[in-house]
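# Descriptive analysis of the structure
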Amino acid sequence: MRADNSRHIVAAARNRHEYTRAKAIQALREIDAAGTAITFDTVALTAGVSRSWLYTQPDLRAEIERLRAERKGASAAPVPARQRASDASLLRLLEAANERNRPLTVENRLLRQQLARALGDFRAARWQSQPCACRIPRPCRSRGMHVFVEDAAKAVVASYVEVA
């Protein structure tokens with residue numbers, strides 16, 4: 001008959017439990033000292049334990065919930081009336097932002113027009129310097145007149161052209 005070695009298994013389980021509790025408590029202290037948000041997930045990740053295990057430990061669970069409530073209460077404190085921005089000051093800030101935006105809007109519009117002109121000039125220069133094989137002169141109808149496509153491209157910018 002074998003000897004009863006169950007006391008060794010129980011002792012090992014007890015030691016592992018105490019070690020895990022110590023890791024969780026240390027992680028909770030570190031998170032609290034760092035000022036990070038205290039959640040079951042952050043404590044579990046820092047300690048290297050599972051969230052479900054934290055929920056099964058009543059004292060650790062209570063401590064986590066207490067620290068969370070403490071942090072919530074501290075951050076939800078209302079701003080004193082003297083430190084709050086008045087409606088008039090907020091309106092003045094909005095007006096100042098709009099004043100800064102007006103010249104930028106005008107400058108943006110001018111830059112867009114300059115870019116459009118430059119691209120148009122570039123396209124026209126490319127058109128004139130490198131005639132493409134697909135742009136051979138052929139007759140087409142534009143507003144009842146017969147013109148050559150190459151001439152029409154230079155003269156008619158935004159009209160509808162029907163190819164004959």
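Residues numbered from 1 in each chain as written. Predicted model: local features only at pLDDT ≥ 70, side-chain atom pairs only at ≥ 80, totals over all residues. Heavy atoms only, no water.

Another point: helix α2 (residues 40–47). All of the buried residues in α2 are F40, V43, A44 and A47. The buried residues of α2 all sit within an arc of 100° when viewed along its axis, so they share a single face. Following α2 by one or two positions, G48 has its phi on the positive side, about 75°. (Buried < 20%, exposed > 50% of the residue type's maximum accessible area, 1.4 Å probe, protein only. Helix = DSSP H or I, 4+ residues; strand = E, 2+ residues; numbered from the N terminus. Arc of directions from axis to C-beta.)

Further remarks concern the nonpolar core. The biggest cluster of nonpolar side chains holds 15 residues, and the ones touching the most others in it are I38, V43, L54 and I64. Contributing elements (two or more residues each) for this core: α1 (6–34), α2, α3 (51–56) and α4 (58–75). Those residues in contact with I64 that sit more than four places away from it in its chain are L28, I38, T39, F40, V43 and L54. (Core = buried A, V, L, I, M, F, W, Y, C linked by side-chain atoms within 4.5 Å. Contact = heavy atoms within 4.5 Å.)

Here we come to α1. An ideal rise of 1.5 Å per residue puts 42 Å on 29 residues; α1 measures up with 42 Å between its terminal C-alpha atoms. Among the residues making up α1, those that are buried are T20, R21, A24, A27, L28 and I31. The positive-phi residue at the C-terminal boundary of α1 is G35, with phi of around 80°. (Expected span 1.5 Å × (residues − 1).)

We now examine the confidence of the model for the protein chain. On average, the protein chain scores 79 in pLDDT, and the residues at 70 or more come to 71%. Note on residues 146–164: pLDDT under 50 across the span, and 30 contacts to partners over four residues away in sequence or across chains. (pLDDT = per-residue confidence, 0-100.)

Where α1 meets α2, the closest approach of the two axes is 8 Å, and the angle between their N-to-C directions is 120°. Regarding the angle of α1 to α2, the classification is oblique. For α1 against α2, the interelement crossing comes out right-handed. Here α1 contributes K23, A24, A27, L28, E30 and I31 to the contact with α2, which in turn contributes T42, V43, T46 and A47. (Axes fitted to C-alpha atoms, helices over the stretch in contact; angles between N-to-C directions. Parallel < 35°, antiparallel > 145°, perpendicular 65-115°, else oblique. Left-handed = near helix turned anticlockwise from the far one by under 90°.)

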